Amino acid sequence: MNKHKTYVGQLLKEDQKAINNALVKTLFESGLRGEELKQAVQDGMGSRVCDLADTINVDVVVEKVKDDKNE
């Protein structure tokens, strides 16, 4: 999979869960609450992994995608 075209929904469930948890934590810490937080997390989960790099650390997921592609 190309890391620039990989959507969060294409990842393994465990990776999706890690991204979801990171988004919730980061967005909550930035002040989002309630429906606003829920919507922002949903938006993030529907995006490409590379688009989340400004919000959360996606390096581990990107490296894993690269490794999976090379196997």
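Refer to the preceding data block for the structure.
Below is a short write-up of the structure. (Residues numbered from 1 in each chain as written. Predicted model: local features only at pLDDT ≥ 70, side-chain atom pairs only at ≥ 80, totals over all residues. Heavy atoms only, no water.)

Concerning the overall build of the protein
1) Next: A count of helices and strands for the protein gives three helices and zero strands.
2) Next: Counting from the amino terminus, helix and strand elements in the protein follow one another as α-α-α.
3) Next: In the protein, of all internal contacts separated by at least 6 residues, the share reaching a separation of at least 24 is 65%. (Helix = DSSP H or I, 4+ residues; strand = E, 2+ residues; numbered from the N terminus. Contact = heavy atoms within 4.5 Å.)

As for the packing of helix 1 (residues 13–29) against helix 2 (residues 34–45)
For any two helices packed against each other, one specifies the inter-axial angle together with the distance between the axes.
1) Next: Contact pair helix 1 / helix 2: the axes reach a minimum separation of 10 Å and the direction vectors enclose 140 degrees. Judged by the angle between their axes, helix 1 and helix 2 are oblique. You can see that helix 1 and helix 2 cross each other, and the crossing is right-handed. Mapping the contact onto sequence places Gln16, Ile19, Asn20, Leu23, Val24, Leu27 and Phe28 in helix 1 and Leu37, Ala40, Val41, Gly44 and Met45 in helix 2. (Axes fitted to C-alpha atoms, helices over the stretch in contact; angles between N-to-C directions. Parallel < 35°, antiparallel > 145°, perpendicular 65-115°, else oblique. Left-handed = near helix turned anticlockwise from the far one by under 90°.)

Some remarks on the nonpolar core
1) Next: Ile19, Leu23, Leu27, Val49, Leu52, Ile56 and Val58 are the most contacted members of the largest nonpolar core, which totals 14 residues.
2) Next: Those elements that provide at least two residues to this core are helix 1, helix 2 and helix 3 (59–70).
3) Next: Per-element tally for this core: the top contributor is helix 1, with three residues.
4) Next: In contact with Val58, other than residues within four places in its own chain, are Val49, Leu52 and Ala53. (Core = buried A, V, L, I, M, F, W, Y, C linked by side-chain atoms within 4.5 Å. Buried < 20%, exposed > 50% of the residue type's maximum accessible area, 1.4 Å probe, protein only.)

Some words on the environment of Val60
1) Next: Positionally, Val60 belongs in helix 3.
2) Next: In the structure, Val60 is positioned 45 residues away from Asp15 in sequence and 9.5 Å away in space, judged by C-alpha atoms.

Let's talk about the pattern of salt bridges
1) Next: By the definition in use, this model includes two salt bridges.
2) Next: Between Glu29 and Lys25 there is a salt bridge whose closest N-O contact spans 3.2 Å. In this pair, Glu29 and Lys25 both sit in helix 1, four residues apart, roughly one turn of the helix. For the pair Glu29 and Lys25, one class covers both residues: exposed.
3) Next: Across the pair Arg48 and Asp51 runs a salt bridge, and its minimum N-O distance is 3.1 Å.
4) Next: You can call Arg48 partly exposed: its relative accessible area is 29%.
5) Next: Residue Asp51 is classed as partly exposed on the basis of its relative accessible area, which comes to 41%. (Salt bridge = Lys/Arg side-chain N within 4 Å of Asp/Glu carboxyl O.)

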